[in-house]
Amino acid sequence: MVRPLLKSFCSALILTRSRKNWPHNSGDDIAGIVHSVGKDVFEFKPGDRVAAMHRAGKENGSYAEYSVAPYWTTFRIPQHVSFEAAATVPTAAMTAAIALYVDMKLPLPYGVVEPKDEKRTPILIYGVTSAVGAFAAKLARLSGLYPIIGIAGRAGDYAQTLVDHVVDYRQGDDAAVARVEEILNQEGLGNKITHVFDAISEGGSLETTLRFLDENRGIVSTVLPPSLFAKDPKTFKYPPGVTAINSTVPRVHSTHEDFGYLWSRYFGKLLADGRLKPHPFEVVPGGLHGVLIGLQKLRDGKASAIKYVYNVKDTPTDSPPTLGISSSAATQDKDQHQLRSFPFPS
């Protein structure tokens, strides 16, 4: 066994695929204390304060008192970082790192030197105040990328703390595209951008980013596959000169174990010295009973620049959670959801 068993204190809400008649524990972000470790684990011991990324789609996730995670996606939590704050980091930060450094091959944060003006690397992040988008902006800053352009909505004030320029998508697609082109021209970069990270990848973001992406040498990373989430998946396609990647974080538990190992350790160091800050969070009352509440808030569009976190110890034991949603409605939503065909690794 190469995985530590963690006593879960906090779990952060992320969405995973739905499969009919598939009983499982879908919590993938964990923060807690190591209870025990496998015989091949040498870096962690019982009593360590850690955060971890659980293996997606597998048993023993974070929505329970005890969880299991691979050692290579586990890292120690500095004493000044709370369990609640640490639970916001693993999956979102690792997704951002996979997108920027594996798929887009951008400069790594360590060993960064001040770039000359003619060698600047700009990046645009759509959905910059989402957890994944925000961590992408924080890492891009550490990598010396400039300018960083963020597209956001209600959480514009938070976006201002993350990027060099903020574009409000609520003004409409045409206005957003015009503003991006205006910023690029002001920066002496023409009117097209070479690097785009789409941390939303649905609701029209794929089509909008294509309008200001350099069609001859552009690189775009998405968190969801355009083949499922474009407005018209059958006809949507990128120009031949564009490199498009769907950045899927479960690779750190299969083909990219070493990347997961190195970056998990690096997250711990960045948190310790203050160069990386956790995402803003809200603790949902009721412990694990609050997971349904968090899901409903996400469905209703109430989440903005925030992670929902659950203190497992606060879970009541006298009654099951309920939101008054009929089983037939839940089944219908599950059967029709776009992620039913998502190509998750086995």
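As a starting point, this report considers the structure included with it. Remember, predicted model here, so these are calculated numbers, not experimental data.

What counts, and at which threshold
- What you see as residue numbers is a count from 1 along each chain, following the sequence as written.
- This being a predicted model, a pLDDT of at least 70 is required before a residue's local features are given, and a value of 80 or more before pairs of side-chain atoms are given or counted; all residues contribute to the totals for chains, interfaces and linings.
- Side-chain numbers here rest on the full set of heavy atoms in the structure, without hydrogens or water.
- Buried residues of nine kinds, namely Ala, Val, Leu, Ile, Met, Phe, Trp, Tyr and Cys, make up a nonpolar core once their side-chain atoms join them within 4.5 Å.
- Residue exposure (1.4 Å probe, protein chains only): buried if accessible area is under 20% of the type maximum, exposed if over 50%, otherwise partly exposed.
- Numbering of helices and strands starts at the N terminus; helices are DSSP runs of H or I of at least 4 residues and strands are runs of E of at least 2.
- Contact definition: two residues touch when any of their heavy atoms are within 4.5 Å.
- Whenever a helix is involved, its axis is fitted only over the stretch in contact; in every case the axis is a line through C-alpha atoms, and angles between N-to-C directions fall within 0 to 180 degrees.
- Any angle that falls under 35 degrees is termed roughly parallel, while one over 145 is termed roughly antiparallel, one within 65 to 115 roughly perpendicular, and all others oblique.
- With the far helix as reference, a near helix turned anticlockwise by less than a right angle produces a left-handed crossing, and one turned clockwise produces a right-handed crossing.
- Residues were grouped as follows: Ala, Val, Leu, Ile, Met, Phe, Trp, Tyr, Cys and Pro as nonpolar; Asp, Glu, Lys and Arg as charged; and all remaining residues, including Gly, as polar.
- In summary, the pairing rule links any two rings of Phe, Tyr or Trp, Trp by its six-membered ring, whose centres are within 6.5 Å, and it sorts them by plane angle into stacked for under 30 degrees, edge-to-face for over 60 and tilted for everything else.
- Charge-over-ring contacts are defined here by two conditions on Lys NZ or Arg CZ: a distance within 6 Å of the ring centre and an angle within 35 degrees of the ring normal.
- Note on pairing: DSSP must find at least two bridges between two strands before they are called paired.
- The handedness of a crossover follows from its direction of travel: if, with the strands pointing away from the viewer, the path from the first strand over the helix to the second runs clockwise, the crossover is right-handed.

Here we take up the nonpolar core. If you look at the biggest cluster of nonpolar residues, it comprises 81 residues, and the most contacted ones within it are L100, L124, L139, F197, F259 and W263. The element contributing the most residues to this core is helix 2 (residues 90–103), with 10 residues. The contact partners of L139, leaving out residues within four places of it in the chain, are A93, A96, A97, L100, Y101, W263 and L270. Y63, L288, Y308 and Y310 belong to the second largest nonpolar core, which has 7 residues in total.

Here we take up the packing of helix 2 against helix 8 (residues 257–273). At a minimum axis distance of 11 Å, the contact between helix 2 and helix 8 shows a crossing angle of 120 degrees. Taken together, helix 2 and helix 8 sit at an angle that is classed as oblique. For helix 2 against helix 8, the interelement crossing comes out right-handed. Seen from helix 2, the contacting residues are A93, M94, A97, I98, Y101 and V102; seen from helix 8, they are F259, G260, W263, S264 and F267. Per-class residue counts for the contact of helix 2 with helix 8 are 9 nonpolar, 2 polar and no charged.

Our next topic: the packing of helix 2 against helix 3 (residues 131–142). Remark: helix 2 packs on helix 3, axes separated minimally by 8 Å, with the N-to-C direction vectors making an angle of 55 degrees. On the basis of their axis angle, the class for helix 2 and helix 3 is oblique. Helix 3 is crossed by helix 2, and the crossing has right-handed handedness. Of helix 3, the residues touching helix 2 (which contributes A92, A93, T95, A96, A97, L100 and Y101) are A131, V132, F135, A136, L139 and A140. A class-by-class count of the residues in the contact of helix 2 with helix 3 yields 12 nonpolar, 1 polar and no charged.

The relation between two aromatic rings is expressed through the spacing of the ring centres and the mutual angle of the planes. Summed over all chains, the structure comprises 10 aromatic pairs. Centre to centre, the rings of F236 and Y238 are 5.0 Å apart; their planes meet at 85 degrees, and the pair counts as edge-to-face. We classify F236 as buried; its relative accessible area is 17%. An aromatic cluster of at least three residues, connected via ring pairs, comprises F75, Y101, Y110, F259, W263, Y266 and F267. One residue, R49, lies across the ring of F83, its end atom 4.6 Å from the ring centre. Over the ring of F135 we find K138, and its NZ or CZ is 4.6 Å from the ring centre.

In this section: the pairing of strand 10 (residues 219–222). Of the two faces of strand 10, both are covered, the one formed by I219 and S221 as well as the one formed by V220 and T222. The sheet contact formed by strand 9 (residues 195–198) and strand 10 spans 4 bridges and is parallel. Each residue of the ladder has a partner; that of V196, found in strand 10, is V220. In terms of handedness, the path from strand 9 via helix 6 (residues 205–212) over to strand 10 forms a crossover that is right-handed. Across 4 bridges, strand 10 lies against strand 11 (residues 243–246) in parallel orientation. Directly across from S221, in strand 11, lies its bridge partner I245.

Moving on, we come to the sheet that holds strand 10. Spatial ordering of the open sheet is given by 8-7-6-9-10-11, a layout of 6 strands whose pairing is parallel. With partners counted over all chains shown, the strands left at the sheet margins are strand 8 (165–168) and strand 11, one partner each. Strand-to-strand twist across the sheet, computed as the mean angle between neighbouring axes with direction ignored, equals 15 degrees.

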